[in-house]
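Working through the structure, step by step
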Amino acid sequence: MSLRIAFMGTPEFAARSLATIAGAGHEIVRVYTQPPRPAGRGQELRKSPVHALAEAFGIEVKTPERFREADVLEDFASLDLDVACVVAYGQILPKEALEAPRLGCLNLHASLLPRWRGAAPIQRAIQAGDEVTGVQIMQMEEGLDTGPVLMSEIVPIAPDDTAGSLHDKLMETGAELWPRTLAALERGSLQAVAQVDEGVTYAKKISSAEARIDWSRPAGEVCDHIRGLSPFPGAWFSLDTPKGAVRVKVHFAEPEKGEGEPGEALDGGLLIACGRGAVRLKRLQREGRGVMGADEFLRGTAVPAGTRL
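Residues numbered from 1 in each chain as written. Predicted model: local features only at pLDDT ≥ 70, side-chain atom pairs only at ≥ 80, totals over all residues. Heavy atoms only, no water.

Going by what an unreviewed UniProt entry lists, the protein chain is known as Methionyl-tRNA formyltransferase and is assigned to Glycocaulis abyssi. In the Catalytic activity (unreviewed entry) part of its UniProt record, the protein chain is described as follows: "L-methionyl-tRNA(fMet) + (6R)-10-formyltetrahydrofolate = N-formyl-L-methionyl-tRNA(fMet) + (6S)-5,6,7,8-tetrahydrofolate + H(+)". The record in UniProt for the protein chain states the following under Sequence similarities (unreviewed entry): "Belongs to the Fmt family." (UniProt positions renumbered as here; feature names shortened; annotations may be inferred.)

In structure tokens, the structure reads:
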């Protein structure tokens with residue numbers, strides 16, 4: 001026996017789940033994803049990772065701009081679904097959609113709810129200095145990530161994890177939750193656990209305005225800020241050079257002992273003073289160039305002691 005499923009998702013994180021569900025023997029009758037968007041230098045329309053994978057699997061794909069439109073909802077209801085599986089779709093589903101499948105809609109979320117509800121749970125967990133996070137599949141409700149949790153897996157956050165590396169860990173762990181969850185759903189053995197009211201935090205969307213490094217913060221917070229924005233959008237500082245100011249992204253840094261004015265280079269090896277302590281910049285990226293280690297960066301761009309960033 002297999003379930004009749006619609007899958008909703010857009011980025012690579014979701015595509016991994018689609019592949020796992022497809023391999024578990026269920027009938028995916030349709031995939032919903034965001035429409036192709038302009039990308040790259042030529043701004044050519046590019047299909048989402050989920051869109052491309054679904055076409056490779058021969059699954060019908062729909063890309064509505066607004067899921068709330070009456071014709072979209074009517075068509076969705078006509079699919080006679082058992083369940084919809086949702087992973088980073090990028091649209092809020094109205095009540096009519098949530099109630100259309102026989103067993104409702106399930107969502108994979110990359111945090112341990114109710115901590116980090118919202119758009120950027122991976123980045124915010126690292127920025128906050130959390131030591132653990134996880135993935136959970138919940139029954140969707142009209143509220144933002146408020147539904148009861150059906151399946152959960154804890155994932156430690158390593159000291160050297162960036163948003164990129166943690167994304168990949170959670171992507172794999174989350175994908176592996178789907179076969180177990182759908183098998184239990186078929187058996188009727190899923191145990192729904194209501195979220196508690198205490199400890200609710202919201203992971204607001206990452207804005208470009210917050211990417212500039214604030215050296216007045218303690219060294220540990222500066223490092224967490226950098227890790228949480230690596231590789232995208234990338235925490236950055238401005239560096240004066242003989243050819244003018246350039247923007248430099250930092251992809252990894254470690255706290256060290258040191259004291260000075262916030263943003264001051266304490267040696268020629270990228271030890272930068274913070275509001276409390278200092279950080280050693282380890283991986284950097286000048287505008288228009290690739291990511292490089294500190295030694296390689298310094299061979300092309302000197303940052304002598306006393307430089308102010």
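Having seen it, we continue.
1. Quick word on the packing of helix H1 (residues 12-22) against helix H6 (residues 163-187)
With their axes 9 Å apart at the nearest point, H1 and H6 run at an angle of 30° to one another. Of the possible angle classes, the one that applies to H1 and H6 is roughly parallel. The crossing of H1 and H6 is right-handed. When H1 is examined against H6, the residues Glu 12, Phe 13, Arg 16, Ser 17, Thr 20 and Ile 21 are found in contact with a partner set consisting of His 167, Leu 170, Met 171, Glu 172, Gly 174, Ala 175, Trp 178, Pro 179 and Leu 182. Of the residues belonging to the contact of H1 with H6, the class tally is eight nonpolar, four polar and three charged. (Axes fitted to C-alpha atoms, helices over the stretch in contact; angles between N-to-C directions. Helix = DSSP H or I, 4+ residues; strand = E, 2+ residues; numbered from the N terminus. Parallel < 35°, antiparallel > 145°, perpendicular 65-115°, else oblique. Left-handed = near helix turned anticlockwise from the far one by under 90°. Contact = heavy atoms within 4.5 Å. Nonpolar A, V, L, I, M, F, W, Y, C, P; charged D, E, K, R; others polar.)

2. Details of the pattern of salt bridges
Scanning all chains against the criterion turns up 17 salt bridges. Put simply, Arg 30 and Asp 75 hold a salt bridge, and the shortest N to O gap is 2.5 Å. Of this pair, Arg 30 sits in strand E2 (residues 27-32) while Asp 75 is found in helix H3 (residues 70-77), placing the two residues 45 residues apart along the sequence. Classification of Asp 75 as partly exposed rests on a relative accessible area of 28%. For Arg 102, the salt bridge goes to Asp 82, with nearest N and O atoms at 3.0 Å. Taken together, the positions of Arg 102 in the loop between helix H4 (95-99) and strand E7 (105-109) and Asp 82 in the loop between H3 and strand E6 (83-87) put the pair 20 residues apart, joining distant regions of the chain. By relative accessible area, which is 54% here, Arg 102 ends up exposed. Three or more residues are tied together by salt bridges with common partners; here these are Arg 30, Glu 60 and Asp 75. (Salt bridge = Lys/Arg side-chain N within 4 Å of Asp/Glu carboxyl O. Buried < 20%, exposed > 50% of the residue type's maximum accessible area, 1.4 Å probe, protein only.)

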